[in-house]
Amino acid sequence: MTMQYNDTVTLGVTGASGSGYFLRLLQTMVDANVKVYLLLSEAAQIVLKTEVEEDWPVEIDALNTFLVSRFNSKEGQIVALTAKDWFSPVASGSSAPKKMVVCPCSCGTLASIAQGLSNNLIERAADVVFKERGQLIVMPREAPFSTLHLKNMLTLSELGATVMPLAPGFYHKPTSILELQDFMVARVMDHLKIEHQTSQRWCE
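Residues numbered from 1 in each chain as written. Predicted model: local features only at pLDDT ≥ 70, side-chain atom pairs only at ≥ 80, totals over all residues. Heavy atoms only, no water.

Draft legend 1. Structural detail: the overall build of the protein chain. What the protein chain contains, in helices and strands, is seven helices and six strands. Ordered by position from the N terminus, the helices and strands of the protein chain form the series β-α-β-α-α-β-β-α-α-β-α-β-α. For 204 residues, the compact-globule formula gives about 17 Å, and the C-alpha radius of gyration of the protein chain, at 16 Å, lands near that figure. Sorting the 204 residues of the protein chain into buried and exposed places 49% on the buried side. Sequence separation of 24 or more characterises 72% of the internal contacts of the protein chain that already satisfy a separation of 6 or more. Counting every atom, the protein chain has about 10300 Å² of accessible surface; 54% of that belongs to carbon and sulfur. Charged side chains in the protein chain number 17 positive and 21 negative. The centres of these two groups are separated by 7 Å. (Helix = DSSP H or I, 4+ residues; strand = E, 2+ residues; numbered from the N terminus. Rg over C-alpha atoms; globule rule 2.2 N^0.38 Å. Buried < 20%, exposed > 50% of the residue type's maximum accessible area, 1.4 Å probe, protein only. Contact = heavy atoms within 4.5 Å. Areas by Shrake-Rupley, 256 points an atom, 1.4 Å probe, with all protein chains shown as cover. Lys, Arg positive; Asp, Glu negative; His and termini not counted. Charge placed at Lys NZ, Arg CZ, Asp CG, Glu CD.)

Now the structure itself:
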């Protein structure tokens, strides 16, 4: 029997700081019964270990098994792919999800996507979303932004992407890092139009 999901999203994770954001986003997507194609760069693995002290398997089959227990997901709900999985669904417009988030998004990856370079699967998947007129959200985490960074963001915005810097608000009076992470996760889920119970909205 084919598993039914509420939605399907490609989640790219680069080597920018902010591992906690993608961990919360992935968990929230799983809880919302969303199927996720997870594209985790080598640099992201290093940052993950540095920031939250999680050492994930490198071998892809072991990683997929690990993800089921780590996020309490259904078997096959999270599909981890390598940077060179060119025959995966996300690499082709005929089968790729129409929604993609890059969280966190390094400014190097942002530049590559803006120029359509497609040197790895994250960049290629983003390029596919553009050409198929899908929804792309990039979440850069850098400070300050250089003029070049800003020009690349403008290019992406003009192409139809949503540029959502990892800059949480404080009007909900957060008392933990988790609440700051959930603020941004809630914004992403709202833009993807996926129901969630992550963070209160303004005036709620």
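Draft legend 2. How the structure looks around the pattern of salt bridges. Within this structure, the stated rule accounts for seven salt bridges. The shortest N-O distance in the salt bridge between Arg70 and Glu54 comes to 2.9 Å. Placement of Arg70 in helix H3 (residues 60–71) and of Glu54 in the loop between helix H2 (42–52) and H3 is noted, with a sequence separation of 16 residues between them. Here Glu132 and Lys131 are joined by a salt bridge, their closest N and O atoms 2.7 Å apart. (Salt bridge = Lys/Arg side-chain N within 4 Å of Asp/Glu carboxyl O.)

Draft legend 3. Inspection of the sheet that holds strand E5 (residues 135–140) at higher detail. Read from one edge of the open sheet, six strands run E3-E2-E1-E4-E5-E6, paired in parallel fashion. Either end of the sheet is taken by a strand with one partner, and the two such strands are strand E3 (78–81) and strand E6 (162–163). When strand E1 (residues 7–13) meets strand E2 (residues 34–40), the two strands line up parallel, connected through seven bridges. Looking at the pairing, Val13 lines up with Leu40 of E2. Sheet strands in contact with H3 are E2 and E3, and its direction is about 145° off that of E3. (Pairing = 2+ DSSP bridges. Axes fitted to C-alpha atoms, helices over the stretch in contact; angles between N-to-C directions.)

That's the geometry; what it means functionally is another story.
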